[in-house]
Amino acid sequence: MDPVDPQGWSEVDDFLAEQLIGDADRLDWVLAHNHSNGLPSIDVSAVQGKMLMLLARMARAKRILEIGTLGGFSTIWLARALPPEGRLVTLELKSHHAAVAQDNIAKAGLADFVDVRQGNANDSLNAMIEGKKESFDLVFVDADKGGYADYFEKVMQLAEPGATLIFDNVVRHGAVIEDAPKDKSGLGARGLVEAIAADERVTATAVQTVGSKGWDGFLIAHLV
Ligand code: SAH
Ligand code: DHB
Ligand code: MG
């Protein structure tokens, strides 16, 4: 196998997903539904979705916040980690994405656990901060990458002590360290890493990934 061949990374992801995730759990039907509704294939991969579920379960998360729903693929994985009294709020800008996600979440039997809120995540976060009623013990950020540092600041106002924060797409095929990246999301990722590095309220790491989604990475922060 060629270590720098993305085709090989994808084949390994397929093998791992087939081995470690049962057919009924893999959510291929969600991806098919998203595709037939014209949504882009920018969901997390199946093995990454299951990792999110396991992290939420290990953190014993009861109140999960997601920023960037798309068709609800990562939402369903995260919601599967919730105990019966647990709840997930997911924020999505595009009404078409939110509607497709709502449909998928209902088909997955999770409609009672998940609240899809359509609108700009910045507005929804501001409303939650002002409302002072909602707080979260696990947050997954996966929306517009340019807003990551701002999302971090807002999420910190909604996060409980000991909360876990997870950010997707913080490497963007290396763009995170380029000064003038072709992929502008690299600048957003860089701003987030620098903001987190300078913030004593959290301790964090980031891990690069390869797989069916190319070369990217997750940042995980824990409130100290
Ligand atoms: N978490 C999903 C993928 C999300 S893709 C999964 O892994 O299955 C990113 C999503 O963020 C898109 O649906 C996009 O419409 C949404 N988004 C972009 N900017 C946003 C904003 N300002 N507020 C809320 N959602 C936004
Ligand atoms: C994009 C967004 C994502 O959340 C992702 O995982 C991959 C790509 C994008 O906007 O291109
Ligand atoms: Mg992503």
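See above for the structure.
Residues numbered from 1 in each chain as written. Chains lettered and ligands numbered in written order. Predicted model: local features only at pLDDT ≥ 70, side-chain atom pairs only at ≥ 80, totals over all residues. Heavy atoms only, no water.

### A look at the overall build of the chain
What the chain contains, in helices and strands, is eight helices and seven strands. For the chain, whose C-alpha radius of gyration is 17 Å, the value lies close to the compact-globule estimate of 17 Å for 224 residues. When the 224 residues of the chain are sorted by exposure, 48% land in the buried category. The long-range fraction of contacts in the chain, counting pairs at least 24 apart against all pairs at least 6 apart in sequence, stands at 70%. Accessible surface computed for the chain: about 11100 Å², of which carbon and sulfur atoms make up 55%. In the chain, the 21 positive side-chain charges and the 33 negative ones have mean positions that sit 5 Å from each other. (Helix = DSSP H or I, 4+ residues; strand = E, 2+ residues; numbered from the N terminus. Rg over C-alpha atoms; globule rule 2.2 N^0.38 Å. Buried < 20%, exposed > 50% of the residue type's maximum accessible area, 1.4 Å probe, protein only. Contact = heavy atoms within 4.5 Å. Areas by Shrake-Rupley, 256 points an atom, 1.4 Å probe, with all protein chains shown as cover. Lys, Arg positive; Asp, Glu negative; His and termini not counted. Charge placed at Lys NZ, Arg CZ, Asp CG, Glu CD.)

### Things to note about the coordination of the magnesium ion (ligand 3)
Taken together, the protein ligands of the magnesium ion (ligand 3) are Asp142 (OD), Asp168 (OD) and Asn169 (OD1), with distances of 2.0 to 2.1 Å. On the primary sequence, the residues serving as donors to the magnesium ion (ligand 3) are separated as D-x25-D-N. Linking Asp142 in the loop between strand S4 (136–141) and helix H7 (148–156) with Asn169 in the loop between strand S5 (159–167) and helix H8 (185–197), this pair joins segments that are 27 residues apart in sequence. In this structure, Asp142 and Asn169 share a single accessibility class: buried. (Donors = N, O, S within 2.8 Å, 3.2 Å for Na, K, Ca; no water.)

### Observations regarding the site of ligand 2
The local shell around ligand 2 consists of Ile42, Asp142, Lys145, Asp168, Asn169 and Arg172. Within the side chain of Asn169, a nitrogen or oxygen atom sits 2.8 Å from an oxygen atom of ligand 2. In the complex, the protein chains occlude 66% of the 290 Å² of accessible area that ligand 2 would expose alone. In terms of residue class, the shell around ligand 2 is made up of one nonpolar, one polar and four charged. (Near = heavy atom within 4 Å. Polar contact = N/O pair within 3.5 Å; in protein donor to acceptor, adjacent residues only side chain to side chain. Nonpolar A, V, L, I, M, F, W, Y, C, P; charged D, E, K, R; others polar.)

### A closer look at the site of ligand 1
In the neighbourhood of ligand 1, 20 residues make up the surrounding shell, with Gly68, Ser74, Glu92, His97 and Asp142 lying closest. Between His97 and ligand 1, the recorded distance is 2.8 Å, taken from a side-chain N or O atom to an oxygen atom. About the coverage of ligand 1: the protein hides 92% of its 590 Å² of free accessible area. Among the residues making up the shell around ligand 1, the classes are represented as eight nonpolar, six polar and six charged.

### Digging into the side chain of Lys145
Turning to its location among the elements, Lys145 is positioned in the loop between S4 and H7. Lys145 sits in the buried class, given a relative accessible area of 15%. Among the polar contacts listed, one links the side chain of Lys145 to the backbone oxygen of Ala143, at a separation of 2.9 Å. Among residues more than four places away in sequence, those in contact with Lys145 are Asn169, Ser185, Gly188 and Ala189.

### Points about the nonpolar core
Counting residues in each nonpolar core, the largest one holds 32 residues, and the members touching the most others are Leu65, Ile67, Leu165 and Phe167. Elements that contribute at least two residues to this core include exactly strand S1 (63–67), strand S2 (87–92), helix H6 (121–131), S4, H7, S5, H8 and strand S7 (216–223). Ranked by residues supplied to this core, first place goes to H7 with five residues. When near neighbours in sequence (up to four residues on either side) are disregarded, Leu65 contacts Val89, Leu91, Leu125, Met128, Phe136, Leu138, Val139, Phe140, Val155 and Leu158. Within the second largest apolar cluster, 29 residues are counted, among which are Ile64, Ala98, Val116 and Ile166. (Core = buried A, V, L, I, M, F, W, Y, C linked by side-chain atoms within 4.5 Å.)

### Notes on the packing of aromatic side chains
Under the definition given, this model contains one aromatic pair. Between the NZ or CZ atom of Arg80 and the centre of the ring of Trp77, over which it lies, the distance is 4.5 Å. Directly above the ring of Phe113 sits Arg87, whose terminal nitrogen or CZ lies 5.3 Å from the centroid. (Phe/Tyr/Trp six-rings, centres within 6.5 Å; stacked < 30°, edge-to-face > 60°. Lys NZ or Arg CZ within 6 Å of the ring centre and 35° of its normal.)

### Concerning the sheet that holds strand S3 (residues 114–118)
If you trace the seven strands from one edge of the open sheet to the other, you get S3-S2-S1-S4-S5-S7-S6, paired in mixed fashion. The strands lining the two open edges of the sheet, one partner per strand, are S3 and strand S6 (202–209). In this sheet, neighbouring strand axes are inclined to one another by 15° on average, regardless of whether the strands run parallel or antiparallel. Inspection of the sheet shows S1 paired to S4 by four bridges, in the parallel sense. Counterpart to Glu66 in the pairing with S4 is Phe140. In the packing of helix H5 (residues 95–107) onto the sheet, contacts are made with S2 and S3, and the angle to S3 comes to roughly 170°. Across the face of the sheet, H7 comes into contact with S1, S4, S5, S6 and S7 while running at roughly 160° to S5. (Pairing = 2+ DSSP bridges. Axes fitted to C-alpha atoms, helices over the stretch in contact; angles between N-to-C directions.)

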